[in-house]
Structures are given as C-alpha cells and as structure tokens.
Amino acid sequence: MKDLFSIQGKVALVTGGSSGIGLMIARGYVEHGAKVYITSRKREVCDAVAAELSTVGTCIALPGNLADEAECARVAAALAAREPQLHILVNNAGANWGAPMATFPDSAWDKVLGLNVKAVFNLTRACLPQLEAAASAADPGRVINIGSIDGLRVPMLETYAYSASKAAVHHLTRVLAIQLAAKHITVNAVAPGPFESKMMAVTLERFHDAIVSTCPLGRIGEPEDMAGIAIFLASRAGAYLTGTVIPVDGGITVRPS
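Structure report, in brief.

## Some words on a positive patch on the surface
A cluster of like positive charges, contributed by Arg41, Lys42, Lys111 and Lys198, occupies part of the molecular surface. Examined against the element boundaries, lysine 198 turns out to sit in the loop between β6 (185-192) and α6 (201-214).

## Observations regarding the layout of surface pockets
Empty space within the second largest pocket amounts to approximately 160 Å³. As for the second largest pocket, its lining consists of Gly20, Leu23, Met24, Arg27, Gly28, Glu31, Pro223, Glu224 and Ala227. Listed by contribution, the elements that provide at least two residues to the lining of the second largest pocket are α1 (20-31) and α7 (223-234). Among the elements that line the lining of the second largest pocket, the one with the most residues is α1, at six residues.

## Things to note about the state of the cysteines
Across all of its chains, the model carries zero disulfides by this definition. Here cysteine 46 stays free of any disulfide, with the sulfur of cysteine 59 as its closest cysteine sulfur at 7.6 Å. Lacking any disulfide linkage, cysteine 72 is separated from the closest cysteine sulfur, that of cysteine 127, by 8.5 Å. Overall, cysteine 72 belongs to the buried group, its relative accessible area being 1%.

## Focus: the pattern of salt bridges
Using the criterion set out here, one finds 10 salt bridges in the structure. With its nearest N and O atoms 2.7 Å apart, the salt bridge here joins arginine 74 to glutamate 71. Taken together, the residues arginine 74 and glutamate 71, both in helix α3 (residues 69-82) and three residues apart, mark about one turn of the helix. Where arginine 219 meets aspartate 225, a salt bridge forms, and the shortest distance between an N and an O atom there is 2.8 Å. Given the relative accessible area of 26%, aspartate 225 is considered partly exposed. If you follow the salt bridges from partner to partner, you end up with Lys10, Asp139 and Arg142 in one network.

## With respect to the sheet that holds strand β7 (residues 245-248)
An order of β3-β2-β1-β4-β5-β6-β7 is seen for the seven strands of this open sheet, with the pairing classed as parallel. Looking along the sheet, the strands with just one partner apiece sit at the ends: β3 (58-61) and β7. Between one strand axis and the next, the sheet turns through 20 degrees on average, direction left out of account. In terms of strand pairing, strand β2 (residues 35-38) meets β3 through four bridges, oriented parallel.

## Re the environment of leucine 180
Residue placement: leucine 180 occurs in helix α5 (residues 160-180). The exposure class of leucine 180 is buried, given its relative accessible area of 6%. Taking C-alpha positions, leucine 180 is 9.9 Å from valine 143, a pair spaced 37 residues apart along the chain. Once residues lying within four places of it in the same chain are set aside, the contact partners of leucine 180 are Thr124, Leu128, Ile185 and Val187.

Analysis parameters
Residues numbered from 1 in each chain as written. Predicted model: local features only at pLDDT ≥ 70, side-chain atom pairs only at ≥ 80, totals over all residues. Heavy atoms only, no water. Patch = residues over 30% accessible without salt bridge, like charges linked within 9 Å, V, L, I, M, F, W, Y side chains within 5 Å. Areas by Shrake-Rupley, 256 points an atom, 1.4 Å probe, with all protein chains shown as cover. Salt bridge = Lys/Arg side-chain N within 4 Å of Asp/Glu carboxyl O. Lys, Arg positive; Asp, Glu negative; His and termini not counted. Charge placed at Lys NZ, Arg CZ, Asp CG, Glu CD. Helix = DSSP H or I, 4+ residues; strand = E, 2+ residues; numbered from the N terminus. 1 Å grid on protein atoms, 1.4 Å probe; cavity = no way out; pocket = protein on both sides within 12 Å on 5 of 7 lines; lining within 4 Å. Points joined across faces, edges and corners; volume = space filled by probe spheres on them. Disulfide = S-S within 2.5 Å. Buried < 20%, exposed > 50% of the residue type's maximum accessible area, 1.4 Å probe, protein only. Pairing = 2+ DSSP bridges. Axes fitted to C-alpha atoms, helices over the stretch in contact; angles between N-to-C directions. Contact = heavy atoms within 4.5 Å.

Take a look at the structure:
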C-alpha cells in the first residue's frame, strides 16, 4: 500500500499545461516523479514553463493549437516519436467567452466548443495507441478531462458556450469511459470550482467575496487541491474509477440554495 498514490516514472501529457489549472496539474505530476509533456498555443510560453518545471523534474514542451484536428494528430505523433507509451492524458486546454445573450456571437460557439469538446475527443483518439500500450487491467491508462462546476449548475455570468461545453465534456467522459473500458483505459472528469487562473481572473476580481461566502469550505481552491485530485486519478488509488465527474469546489455544488 505504500505506493498507492505513486505516479513515479509515468508519462503524462497535460494540455494547456502552461498556465492555470493545467500548470497546477503539470507541476504536481513533475514534483511527484512523472515525465510530463505540456501543450500550449504559444511556443515561447510553453518552452519557458517547461524549462521552469524541469528544475524540479522532467517537463517537455509540445506546443500546438489543439482547436485544429490536424494539430491534435501532429501533437500525438510528436509524442509517439518520443514515447512508446502514454500513461496519463489530461485534457485541460479550454476557452471561454462571456457576452449578453443579445450580442453573443455565433463564432463564440465554434471557438469554445471546438477547443473544449472536439479537441478532447480528437486528441484522445489520436493518443489511443500510446495509451493502450501503457495500459493493463491492474494499472489502466488514464484519461482525465477537465470540466467545470459551470457544467453542473447555472453560472453567475453569461458564458453560454462555456457552460454548455463543460456539460458536454462531462457526458463525453461517460461515453468514452464505456467505449475504452475494454482497452483498460479509464476516463474521468474533474469539475473545478473557483481557482486562481487566467480564465477565472475577471470573475474573481468582481465576485471574490461573494464566491467565498457561498463556498461551504470558505475559500478559493489552491494548487495543491487540483494537483491532489489529478495525482489520485492517475495513481493506483484511482484505478477502479471510470466515468465519474468529480467536483473539486469546496462544496459549492451541493450547498443548499
């Protein structure tokens, strides 16, 4: 039981790993002995973060815009050229868009759903050979999708495409879990509540006190909270979970209205 939460020596790919929740997960994996690849649209940012994380472990940049199906295939091929096995895929890269209903643009739906939902499917499919190569009944391959509590309850802001996309991610997680179970690959989703990130910056600036007051645990999420759930799902401790959506939100989604 002493290695129950170990991810030592595993290979992980974390999309959107250069900032926010993706960086929290990537850092946690690196610090606990995994070999981590991170993606980001901006090559210079991706390279800089990989260099920083490499001071405490092994982190390699694989820049790419995953909103493009061809880029998903290219990133997966670049990983396959370096690693015959992929133990953990974290689908975190995402986009948001807030605007009143009357002016909410059609292009926002394409952008947000394209990255938040289609890219999850496309990259998972492209990485299947490496995930299968790493998988066994005792230690399955792991796909961890990052959803949101905004996909579980109505958000404060008018983020129509984002909240719809995260609800879709949660259900796609369930569908993929059934499809990939026979290949010894688990698929789970994490639904974060409020964490310090670029995507949450405006919301926290405007509603920080209100959010904290409605959180039963009375605080914003810390990087360790996100790293902890990601390590659990990737370790032996999480090997018998699949098709789950786990809120990491301090109890917000179960708070009585």
